[in-house]
Amino acid sequence: RKLTNFSILDSGSGCLNDPLEYRFVAHLIEHLIVLSSINFTFEQRVKLYHQYAGTFDATTFNDKTFFSYSFENKGLEDFIFMSADSFIQPNIALV
């Protein structure tokens, strides 16, 4: 049996934090982070998930946005790099 990591990141911000004139910003940002970043396309992400038997999910609530990951231990460095890149350099060209 392969060892698996599981982690959840809580952004501490959700739909109630959206400016009144720009509703659903938190949910839009969730999708930008999930879809791609400057260094990883969506297809590259899917390939990495399959390579390390990984899963990813995200959900925006009123007061927070959760990002959850699971993957085989041998993929830890790749997942940390890909996840950090998503938050630091989301691909806003998708908007």
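Residues numbered from 1 in each chain as written. Predicted model: local features only at pLDDT ≥ 70, side-chain atom pairs only at ≥ 80, totals over all residues. Heavy atoms only, no water.

A. Highlighting empty space enclosed by the protein. Applying the stated criterion to the full structure yields 1 cavity of 30 Å³ or more. If you add up the space inside the largest cavity, you get close to 30 Å³. What lines the largest cavity is simply Ile 33, Val 34, Arg 45, Tyr 49, Phe 56, Tyr 69, Ser 83 and Ser 86. When contributions to the lining of the largest cavity are tallied by element, the ones reaching two or more residues are helix 1 (25–35), helix 2 (42–51) and helix 3 (76–88). By residue class, the composition of the lining of the largest cavity is 5 nonpolar, 2 polar and 1 charged. (1 Å grid on protein atoms, 1.4 Å probe; cavity = no way out; pocket = protein on both sides within 12 Å on 5 of 7 lines; lining within 4 Å. Points joined across faces, edges and corners; volume = space filled by probe spheres on them. Helix = DSSP H or I, 4+ residues; strand = E, 2+ residues; numbered from the N terminus. Nonpolar A, V, L, I, M, F, W, Y, C, P; charged D, E, K, R; others polar.)

B. Summary view of the pattern of salt bridges. Taken as a whole, this structure holds 2 salt bridges when the rule is applied. A salt bridge links Lys 64 to Asp 63, with the nearest nitrogen and oxygen atoms 3.4 Å apart. In this structure, Glu 72 and Lys 74 form a salt bridge, with 3.7 Å as the shortest nitrogen-oxygen distance. The class for Glu 72 is buried, based on a relative accessible area of 8%. (Salt bridge = Lys/Arg side-chain N within 4 Å of Asp/Glu carboxyl O. Buried < 20%, exposed > 50% of the residue type's maximum accessible area, 1.4 Å probe, protein only.)

C. Examining the sheet that holds strand 1 (residues 4–10) more closely. The strand order across the open sheet built from 3 strands is 1-3-2, with neighbouring strands paired in antiparallel fashion. Edge positions in the open sheet fall to strand 1 and strand 2 (55–60), since each of these has one partner strand only. Within the sheet, the average angular offset between the axes of one strand and its neighbour, ignoring direction, is 10°. This element, helix 1, spans strand 2 and strand 3 (65–72) of the sheet and lies at about 170° to strand 2. (Pairing = 2+ DSSP bridges. Axes fitted to C-alpha atoms, helices over the stretch in contact; angles between N-to-C directions. Contact = heavy atoms within 4.5 Å.)

D. Quick peek at the pairing of strand 3. Summarising burial for strand 3: 7 of the 8 residues are buried, a large majority. For strand 1 and strand 3, the ladder comprises 7 bridges, and the chain directions are antiparallel. Note on strand 3: the bridge partner recorded for Asp 10 is Phe 66. Counting the residues that bridge the hairpin from strand 2 to strand 3 gives 4 residues.

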